[in-house]
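Structural features, examined
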Amino acid sequence: MLKNPAKSPLTAILGASVAAIGASVCCVVPLVLVLAGISGAWISNLTALDAWRPWFSAATLACLGWAFWSGYGPNSRCRTDGVCVDPRVLRRRRSWLWIATVVIALLLLFPYYVSWFL
């Protein structure tokens, strides 16, 4: 018998992470590059991506919504064919979802608290 366990929110978390990095590329990436010792005038060109930040932020929130729906929705525990997920696996998935959400929120809000570090 082929088992089809409940879907993991991993795909949605990865999508949200990529979108959050895209949303913060105008601010986080130049700072990380300078801290890594990489410099150059081309780094200032990354600020041109600031116009795309609302779109990346919306994609991030949509992917996080999808991840939470996958992790807490009606099909998160058992599927219609009766196959259920081990509660320990479900708890681990949900804890990683919350950890990823905190990291993504820090990336999304970076332009608002970067002045505290400068």
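The coordinates are above.
To start, this report covers the structure provided alongside it. (Residues numbered from 1 in each chain as written. Predicted model: local features only at pLDDT ≥ 70, side-chain atom pairs only at ≥ 80, totals over all residues. Heavy atoms only, no water.)

A separate point is the pattern of salt bridges. Side chains bearing opposite charge may pair, as long as their charged atoms lie close to each other. Applying the stated criterion across every chain yields a total of 1 salt bridge. D86 is the salt-bridge partner of R88, the closest N and O atoms lying 3.0 Å from each other. With a relative accessible area of 57%, R88 lands in the exposed category. (Salt bridge = Lys/Arg side-chain N within 4 Å of Asp/Glu carboxyl O. Buried < 20%, exposed > 50% of the residue type's maximum accessible area, 1.4 Å probe, protein only.)

Right, let's talk about the packing of aromatic side chains for a bit. In this structure the tally under the stated criterion is 4 aromatic pairs. Look at F68 and Y72: their rings are 6.0 Å apart centre to centre, the planes differ by 15°, and that puts the pair in the stacked class. Of the two residues, F68 and Y72 both sit in helix α3 (residues 53-72), 4 residues apart, roughly one turn of that helix. Ring centres of Y113 and W116 lie 6.2 Å apart, and the angle between their planes is 40°; this geometry places the pair in the tilted category. Members of the aromatic cluster, each reached through a chain of ring pairs, are F68, Y72 and W98. (Phe/Tyr/Trp six-rings, centres within 6.5 Å; stacked < 30°, edge-to-face > 60°. Helix = DSSP H or I, 4+ residues; strand = E, 2+ residues; numbered from the N terminus.)

Another point: α3. Its 20 residues place the ends of α3 28 Å apart at the C-alpha level, agreeing with the 28 Å of an ideal helix rising 1.5 Å per residue. Of the residues making up α3, those classed as buried are R53, S57, T60, C63, L64, A67, S70 and G71. Here the buried residues of α3 occupy an arc of 145° about the axis, which is enough to place them on one side. In this structure, α3 carries P54, W55, L61, A62 and W69 as exposed residues pointing more than 90 degrees from its buried face. (Expected span 1.5 Å × (residues − 1). Arc of directions from axis to C-beta.)

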